[in-house]
Number of protein chains: 4
Amino acid sequence: MKEKIGFIGLGNMGLPMAKNLLKAGYELQVYNRTASKADDLDQAAIKVCSSPEEAAREVQYVITMLAQDNILEESVSGDKGLLKSLKKGAVHISMSSISPETSVKLTALHKETETHYLTAPVFGRPEAAAAQKLWICTSGDSSLKEAAKPILESMGQGIVDFGEEPGNANVVKITGNFMIMASMEMMAEAFTLGEKNGIDPKKLSDFFGSTLFNAPIYQNYGKLIANKQYEQVGFKAKLGYKDARLAMALSQKSETPMPLAATVHNRLLSALAKGWGERDWVEGFGHGVTDDAGL
Amino acid sequence: MKEKIGFIGLGNMGLPMAKNLLKAGYELQVYNRTASKADDLDQAAIKVCSSPEEAAREVQYVITMLAQDNILEESVSGDKGLLKSLKKGAVHISMSSISPETSVKLTALHKETETHYLTAPVFGRPEAAAAQKLWICTSGDSSLKEAAKPILESMGQGIVDFGEEPGNANVVKITGNFMIMASMEMMAEAFTLGEKNGIDPKKLSDFFGSTLFNAPIYQNYGKLIANKQYEQVGFKAKLGYKDARLAMALSQKSETPMPLAATVHNRLLSALAKGWGERDWVEGFGHGVTDDAGL
Amino acid sequence: MKEKIGFIGLGNMGLPMAKNLLKAGYELQVYNRTASKADDLDQAAIKVCSSPEEAAREVQYVITMLAQDNILEESVSGDKGLLKSLKKGAVHISMSSISPETSVKLTALHKETETHYLTAPVFGRPEAAAAQKLWICTSGDSSLKEAAKPILESMGQGIVDFGEEPGNANVVKITGNFMIMASMEMMAEAFTLGEKNGIDPKKLSDFFGSTLFNAPIYQNYGKLIANKQYEQVGFKAKLGYKDARLAMALSQKSETPMPLAATVHNRLLSALAKGWGERDWVEGFGHGVTDDAGL
Amino acid sequence: MKEKIGFIGLGNMGLPMAKNLLKAGYELQVYNRTASKADDLDQAAIKVCSSPEEAAREVQYVITMLAQDNILEESVSGDKGLLKSLKKGAVHISMSSISPETSVKLTALHKETETHYLTAPVFGRPEAAAAQKLWICTSGDSSLKEAAKPILESMGQGIVDFGEEPGNANVVKITGNFMIMASMEMMAEAFTLGEKNGIDPKKLSDFFGSTLFNAPIYQNYGKLIANKQYEQVGFKAKLGYKDARLAMALSQKSETPMPLAATVHNRLLSALAKGWGERDWVEGFGHGVTDDAGL
């Protein structure tokens, strides 16, 4: 049995990631707002905690996978936050999609308690998380990154580093999510154009996904868009919108005009306005474009 | 030695395609407005003609690779057009990017002279044409497509069929070019966002091109955009703009609102207005976005 | 009784314009595809004709008010077109919204028969036409404009000249219609933003229409958008879309990137796709924006 | 001599507003970060203070005209903020363009000290402020608004009320500024389209400004855009951008997709990126559009 790790956030992504840690031999102290999410984990290898503070007690590593910046902040510096218990020299690995500003802020807070903060957001949907196929981007102190490698490797297929600045990996994650959204908008427009001109969207999706655009993004999302297959919810539109908003915020802060980012932002904002916030984000794009086209 | 084929249009794409036909053993009757382009071909296997009419005389197949709809039309039905000489039952294979309307129109014109029209536009830049790596989309009469296969195969790595309607393959080609342009806009915005937030665009391009977006489009164009490497001109912005315009025209005709298509259309229109029409289209996107961002 | 004038096109705009000519004392030779439209005119002062050719016979002026470029062209140079009968030195006053290219083309055709073409499109909805409140923009030969003044004045409240080039007044008309559409989009977004933030759109419309934006465009369209009052059809969305398309075509031809024009173009294209083509264009904007906002 | 009023913020707008209060007979306790701005006021009628706290001491009304939400907040609740001295029952009239959230927040803070907060942002450029021609929008408690009327009337030509919610008038102000920006973008695109098609932009500006668009917004900004006359700086692009950002924030918070707002937001963001932040916002639109068009 390997060392014990704290794990906070057992959502669509956090749960399979925790499973992979268990599979790799780690013990976990888990915390989730809805405690029952932990029922699905090997009970022999976990301890279910009632607060971030408890989950972070006496471990060298505590991982957070929390969708909202403010919830993450509360989990770190709130009344029952992990800073209350995290021992000196221990490391908080922050793996969700948050703003670079939050990483900078949390890095400073950790410094105050002589603990460490490591940025390590991931690319991949829940299926990829389950299959240990996540791509993990890191930024922060070099020795921290080196030491955390075995833990990260047990959750992903590759780790790519983006330097010492704590916010860098967050920027990469936001940039990548913008590219995924742009790709969905692009396919939704392309396939709808095809459909309205007499070409079967599935034929288009198959052709492009196996030739010019033979990357997983196009194959997976392309199929869903072409088939208008929106039932399964892997990533909620409202979470996707949060990422679009983070991209807009980065664009604003860094004075980078991004008309395409504005388009995808509006597309998901409209999805929320139409009541599709709890549906998969791919529907926001696919359904949004066909709505506009009167289909 | 295989049969003799007519070949009209020896531009950046046409020339390597013609070479591959020669390599496969065909003889060619070539016509190009600037005749000297033919100097680069094996003179023993070609006859240089002074008009489309001459190039189409006594062959079973005549191929056109002409960038503009109106030039193609002139080459077909003009005073010295190929319809003047093309024998009954012979086939015109139209391989450039044109509007589906032009294909419908030309199909009808060919029917009047008891000749045939086959739509077969290609995906790939000049290097891909040279390497016999084009993807060829076809639409039109089934028996024509079957018969033309060996000729098409000598120029590409794969042939994908899109039905009997003559315009269908043109729609696919326009849709694909829209997707390529959208991908360039997306990468230009993404990499510029990275750069203005302290991330090296080359690191972003490498990371995404080898993980989530590991398709040739992203790898090739991504590298050029990340490196701001715009000197080599493979495909001129003004030709790219023509394709953006074809996409807008399809969007209009089929009542398909496409905000992303409008963005890429404006991007290339601005490239032309700024005097970059003769530069590679990738610069229209890359340079356009960095200009807006004050870089 | 003043001279006899030919008048072709008795639609929503043409009919009240014809009435004002009659009121000013002119006799009319009218032609309309649906002849019954002429029932509403003073029968004593008109002659109902069965073709443009007949309507243009023996008059010094023939006015056209036809919504589509191709229908206008047919009415001029078709088998029963007005060029067949128009006497030497007579003048065709073209008053509808058409492309500048069409004006250039028709000017040349008229020259061939030693007749004249004068461009004189109008601003104003049917109510303004009825109230003799149209604004008339002219371009073309100076002496022609001078001579036609009394006729034009009997239909409008003012004539503004834009030089000798036949297409200039068409450019102005297209530019103005773009500005009207942009204003509708702007108000639709502004009032919807207000509504979703707890402000009554009518209060916003009243306030802005009587202060910063106290121009007829804002007062009239603003009220309709604020009240979501779309029943009355003064100007059909499909005709408005035609004008959006003319603006896009001008933007393309002159290499003028216009992101706002692209937005209004897409808005009306979506209106057509959703089946609102026969409704007033103001609904395309108002309803389109509230749809996107989930209202 | 009327009562003494506190006045905080002597920028381009605040200074002429303060002058009008003095002209109406009020005495002022003024505070500005750069104290020398007060040199331009009648020294006999003012007291120059060294903090918001001092400016708010012993008065019934203190007015703030501060461009940034965070500076306003600091001036209210900071160490030397006005809440430190403002007497019970006294009123803070907040007249700058800020977010409705800030008004809600400040209303609550004032309540804690038994003081009052009244929202009263204004429309008009510095010239309008000097000429007592501002339009003032109010929201908040009815009796407060009634009592403050004489003060507000001495600075504007009209007061329009938008209900009891403290943030409402801020929403109206943001909405109006969005409309002004949209109008500038619209004119910049329209006049550039005209210019590239051979029509003098000044003729277009004159024509539209005296007919369909005869409102001050169009006449004033239209002339500047048509003449490319950007030297005089009435309202800096960076402040305009702040308002565009407030509009985007409202759009996000209230789930109102606004493609036109996204366009004007990007236009000013690009102006900042290009280094035009200290120039007039009208240049951001006019120059931005002509840049894109290669002029």
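Procedures and definitions
- Position numbers for residues count from 1 along each chain, tracking the sequence in the order it is written.
- Ligands are numbered from 1 and chains lettered from A, in the order in which they are written.
- The predicted origin of the model limits local features to residues at a pLDDT of at least 70 and limits the giving and counting of side-chain atom pairs to 80 or more, whereas totals for whole chains, interfaces and linings rest on all residues.
- Side-chain measures here rest on the full set of heavy atoms in the structure, leaving out hydrogens and waters.
- UniProt positions are given in the numbering used here, feature names are shortened, and annotations may be inferred rather than shown by experiment.
- Numbered from the N terminus, helices here are DSSP runs of H or I no shorter than four residues, and strands are runs of E no shorter than two.
- Relative accessible area decides the class of each residue, using a 1.4 Å probe on protein chains only: under 20% of the type maximum gives buried, over 50% gives exposed, and in between gives partly exposed.
- It only takes one pair of heavy atoms within 4.5 Å for two residues to be counted as in contact.
- Throughout the structure description, domain borders are defined by an automatic or database domain assignment.
- Two parts placed together each lose some accessible area under a 1.4 Å probe, and adding up what both lose gives the buried area.
- Salt bridges are identified by distance alone: a Lys or Arg side-chain nitrogen within 4 Å of an Asp or Glu carboxyl oxygen.
- At least two DSSP bridges between two strands are required for those strands to pair.
- Angles here are taken between N-to-C directions and fall from 0 to 180 degrees, while the axes themselves are lines fitted to C-alpha atoms, restricted in helices to the stretch in contact.
- In protein, a polar contact means a hydrogen-donor-capable atom and an acceptor-capable atom, both N or O and within 3.5 Å, with residues adjacent in sequence counting only if both atoms are side-chain atoms; elsewhere, any N or O pair within 3.5 Å suffices.
- When residues are grouped by polarity, Ala, Val, Leu, Ile, Met, Phe, Trp, Tyr, Cys and Pro land in nonpolar, Asp, Glu, Lys and Arg in charged, and all others, Gly among them, in polar.
- For this overlay, a least-squares fit was computed on C-alpha atoms, restricted to residues scoring pLDDT of at least 70 in both copies.

Caption draft 1: Structural context of the UniProt feature "active site" (unreviewed entry) in chain A. Residues and elements named next belong to chain A. Sequence positions flagged by UniProt for "active site" (unreviewed entry) are, in local numbering, Lys173. With respect to the helices and strands, Lys173 occurs in helix H7 (residues 168–196). In this structure Lys173 comes out as buried when scored by relative accessible area, which is 8%. Beyond its immediate chain neighbours, meaning those up to four positions away, Lys173 contacts Ser97, Pro121, Val122 and Phe123.

Caption draft 2: Region of interest: the domain arrangement of chain A. Residue and element names in this part refer to chain A. The assigned domain composition of chain A is domain 1 (4–164) and domain 2 (171–292). One C-alpha centre belongs to domain 1, the other to domain 2; they are set 28 Å apart. Tallying the contact residues gives 15 residues for domain 1 and 19 residues for domain 2. For the domain 1 and domain 2 pair, buried surface summed over both sides reaches about 1300 Å², with 63% attributable to carbon and sulfur atoms. Ranking the residues of domain 1 by area buried against domain 2 places Ser97, Phe123 and Arg125 at the top, with a combined share of 42%. Summed over the shared surface of domain 1 and domain 2, the number is two salt bridges. In this structure, Arg125 engages Asp280 in a salt bridge whose closest nitrogen and oxygen atoms are separated by 2.8 Å.

Caption draft 3: Inspection of the sheet that holds strand S4 (residues 61–64) of chain D at higher detail. All names here are of chain D. As summarised here, the arrangement of the six strands in space is S3-S2-S1-S4-S5-S6, forming an open sheet in which the pairing is parallel. Two strands bound the open sheet, and with one partner strand each, they are strand S3 (46–48) and strand S6 (116–119). In this sheet, adjacent strand axes meet at a mean angle of 20° when their direction is disregarded. In terms of strand pairing, strand S5 (residues 91–94) meets S6 through four bridges, oriented parallel. Bridging across to S6, Ser94 finds its partner in Thr119.

Caption draft 4: Local environment of the interface of chain B and chain D. Taken together, the contact pairs eight residues of chain B with eight residues of chain D. For the pairing of chain B and chain D, the buried interface totals around 510 Å² over both sides, and the portion due to carbon and sulfur atoms is 44%. It is Ala273, Lys274 and Asp292 of chain B in chain B that bury the most area against chain D; as a group they hold 62% of the surface buried on that side. On the surface where chain B and chain D come into contact, there are zero salt bridges. Counting across the interface, chain B meets chain D through two residue pairs in polar contact (both at pLDDT 80 or more). Elements that contribute at least two residues to the side of chain B that touches chain D include exactly helix H11 (259–273) and helix H12 (281–292) of chain B. Class assignment of the residues belonging to the side of chain B that touches chain D gives a composition of two nonpolar, two polar and four charged.

Caption draft 5: Spotlight on the interface of chain A and chain B. The interface of chain A with chain B comprises 57 residues on the first partner and 57 residues on the second. For the pairing of chain A and chain B, the buried interface totals around 4800 Å² over both sides, and the portion due to carbon and sulfur atoms is 76%. On inspection of chain A and its partner chain B, the count reaches zero salt bridges. Sorting the residues of the side of chain A that touches chain B by element identifies strand S8 (134–138), strand S9 (156–161), H7, helix H8 (201–210), helix H9 (216–226), helix H10 (237–253) and helix H11 (259–273) of chain A as the ones contributing at least two each.

Caption draft 6: Spotlight on unusual backbone geometry. Phi is positive for Glu58 of chain B, which is not a glycine, with a value near 65°. Relative to the elements of secondary structure, Glu58 of chain B occurs in the loop between helix H2 (52–55) and strand S4 (61–64). One non-glycine residue, Gln132 of chain C, lies in the positive phi region at around 55°. Within the element layout of this structure, Gln132 of chain C appears in the loop between helix H5 (126–130) and strand S8 (134–138). Among the residues examined, Gln132 of chain C registers a relative accessible area of 28% and is labelled partly exposed.

Caption draft 7: View of the relation of the copies chain B and chain D. Relative to chain D, chain B is turned by 180° and slid 0.0 Å along the rotation axis, the superposed coordinates differing by an RMSD of 0.1 Å. Both copies of the chain, as the preceding transformation shows, are related through a two-fold rotation axis.

Caption draft 8: Representation of helix H8 (residues 201–210) of chain C in the model. Listed as buried for H8 of chain C are Pro201, Leu204, Ser205, Phe207, Phe208 and Gly209 of chain C. For H8 of chain C, the secondary structure elements touched by its buried residues are helix H7 (168–196) and helix H9 (216–226) of chain C together with strand S7 (122–123), strand S8 (134–138), strand S9 (156–161) and helix H7 (168–196) of chain D.

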